[in-house]
Amino acid sequence: MVINSKKSLQETLEIAKKEGNTIGLVPTMGALHEGHLSLINFAYSQCDRVVVSIFVNPTQFNNAADLEKYPRDLSKDAEFLKTHNPETIVFTPEIKEIYSDEVKSESFEFGNFVNFMEGEFRTGHFDGVGSVLKRLFDIVKPDKAFFGEKDYQQLRVVKKLVEITGQPVEIVGCPTSRNKFGLAQSSRNFRLSDSQLKEAELIYEALTRAKKMFSTNSVETIEKEVEQLFQAHPSFELEYFSIVKEKDLIPTKTKESEENYRAFIAAFLGEVRLIDNMALY
Ligand code: PAF
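Residues numbered from 1 in each chain as written. Predicted model: local features only at pLDDT ≥ 70, side-chain atom pairs only at ≥ 80, totals over all residues. Heavy atoms only, no water.

This part is about the packing of helix H7 (residues 125-140) against helix H8 (residues 152-165). In the contact formed by H7 and H8, the axes pass within 10 Å of each other and the chain directions differ by 55 degrees. Of the possible angle classes, the one that applies to H7 and H8 is oblique. Helix-helix and strand crossings are classified by hand; for H7 and H8 the assignment is right-handed. Judged by residue contacts, Phe126, Val129, Gly130, Leu133, Lys134 and Phe137 of H7 engage Gln153, Gln154, Val157, Val158, Leu161, Val162 and Thr165 from H8. (Axes fitted to C-alpha atoms, helices over the stretch in contact; angles between N-to-C directions. Helix = DSSP H or I, 4+ residues; strand = E, 2+ residues; numbered from the N terminus. Parallel < 35°, antiparallel > 145°, perpendicular 65-115°, else oblique. Left-handed = near helix turned anticlockwise from the far one by under 90°. Contact = heavy atoms within 4.5 Å.)

In structure tokens, the structure reads:
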């Protein structure tokens with residue numbers, strides 16, 4: 001069922017809720033793939049009805065060309081959902097339904113969570129993500145909302161968002177879905193040629209190498225190793241490789257035995273910017 005107005009969606013959900021159904025929300029920007037499918041299946045394992053929103057949110061793009069090139073094919077997405085999860089409620093709002101007349105981000109106090117990595121390299125990105133999700137949570141009023149760990153920093157920011165807004169939705173993190181070579185599923189992969197798809201496995205290789213090295217090497221040694229790996233592959237431009245404390249997402253150069261750490265990467269392959277991360281424990 002594809003619904004594009006807020007009012008019809010709310011009427012449909014009102015009936016479902018009255019019948020005692022719990023509602024799960026999987027927010028997406030479309031260009032659906034196996035990664036989304038695993039989020040949707042996760043949502044079905046915990047909720048009776050699942051809403052998948054498809055909305056390319058302009059306020060979270062800090063780069064106009066990136067927004068322009070973002071893959072959009074609503075009929076393909078609707079077909080994809082019909083094939084895999086025909087009972088899913090697909091919400092495809094127009095910009096006005098979300099932002100009324102002013103397409104502008106609110107600013108949130110996300111603190112340290114947005115000072116590094118994506119927050120540092122994509123100014124205003126997380127305020128845009130927070131703005132759209134706050135509105136989607138208000139419209140759908142889901143019991144739970146599902147987010148992939150591929151965007152781990154986003155997952156933590158969204159948890160912080162609902163702490164700030166007090167919206168009664170449980171944020172659920174889901175494991176990263178990867179292709180058979182380890183590449184994290186992403187809508188941006190649609191923009192890679194076949195040979196680039198193969199090359200992109202380097203990101204997973206770097207993360208797994210960092211994980212293997214972590215217990216016996218310093219952060220600096222691991223960083224050097226990853227930088228050298230990317231230098232040996234000039235089709236890539238490494239934007240950042242950071243090892244952070246999972247607790248606060250602040251990059252670190254030291255290791256403490258009682259802390260958990262995570263490695264994060266962003267790299268351009270041609271014009272396509274890819275991100276990924278991995279727990280180091
Ligand atoms: O992860 C995404 O696709 C987007 O950031 C989200 C959560 C749908 C918000 O626009």
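Where helix H1 (residues 6-18) contacts H7, the two axes come as close as 9 Å, and the packing angle between them is 50 degrees. Comparing the axis directions of H1 and H7 gives the class oblique. Packed against H1, whose contacting residues are Lys6, Leu9, Gln10, Leu13 and Lys17, the element H7 presents Asp138, Ile139 and Val140 at the interface. Partitioned by chemical class, the residues of the contact of H1 with H7 number 4 nonpolar, 1 polar and 3 charged. (Nonpolar A, V, L, I, M, F, W, Y, C, P; charged D, E, K, R; others polar.)

Per the UniProt annotation, the sites labelled "binding site: (R)-pantoate" (unreviewed entry) are Gln60 and Gln154. Annotated residues spanning 95 residues; largest pairwise C-alpha distance 11.5 Å, indicating a single compact cluster. Checked against the element boundaries, Gln60 lands in the loop between strand S3 (49-54) and helix H3 (64-69). In contact with Gln60, other than residues within four places in its own chain, are Met29, Arg122, His125, Gly128, Val129 and Val132. Structurally, Gln154 is set in helix H8. The residues contacting Gln154, other than those within four sequence positions of it, are Phe126, Val129 and Phe147. (UniProt positions renumbered as here; feature names shortened; annotations may be inferred.)

Bringing the side chain of Asp276 into the picture now. Checked against the element boundaries, Asp276 lands in strand S9 (residues 272-279). There is a polar contact of 2.8 Å between the side chain of Asp276 and the side chain of Arg178. Those residues within four positions of Asp276 in sequence are excluded, and the remaining contacts are Lys150, Arg178, Ala184, Ile203, Leu207, Ala263, Phe264 and Ile265. (Polar contact = N/O pair within 3.5 Å; in protein donor to acceptor, adjacent residues only side chain to side chain.)

Right, let's talk about the packing of aromatic side chains for a bit. All told, the structure shown has 8 aromatic pairs when counted by the stated rule. When the centroid spacing of 6.3 Å and the interplanar angle of 40 degrees are considered together, the rings of Phe55 and Tyr99 count as tilted. Remark: Tyr99 occurs in helix H5 (residues 95-99) and Phe55 occurs in the loop between S3 and H3; sequence separation between them is 44 residues. Exposure remark for Phe55: the relative accessible area of 6% places this residue in the buried category. Here the aromatic rings of Phe108 and Phe110 are separated by 5.2 Å at their centres, their planes lie at 25 degrees, and the arrangement is stacked. The exposure class assigned to Phe110 is buried, which follows from its relative accessible area of 3%. (Phe/Tyr/Trp six-rings, centres within 6.5 Å; stacked < 30°, edge-to-face > 60°. Buried < 20%, exposed > 50% of the residue type's maximum accessible area, 1.4 Å probe, protein only.)

Our next topic: the environment of Glu223. Looking at where Glu223 falls in the secondary structure, it is placed in helix H11 (residues 219-231). Taking the C-alpha atoms as reference, Glu223 lies 17 Å from Leu249; in sequence the two are 26 residues apart. Here Glu223 is in contact with Phe241, Thr252 and Lys253, once residues within four sequence places are set aside. Among the polar contacts listed, one links the side chain of Glu223 to the side chain of Lys253, at a separation of 2.6 Å.

The next subject is the site of the ligand. Around the ligand, the neighbouring residues are Pro27, Thr28, Met29, Asn57, Gln60, Val132, Phe147 and Gln154. Contact distances for the ligand include 2.6 Å between an oxygen atom and a side-chain N or O atom of Gln60. Contact distances for the ligand include 2.7 Å between an oxygen atom and a side-chain N or O atom of Gln154. Burial of the ligand by the protein amounts to 88% of the accessible area it has alone, namely 290 Å². (Near = heavy atom within 4 Å. Areas by Shrake-Rupley, 256 points an atom, 1.4 Å probe, with all protein chains shown as cover.)

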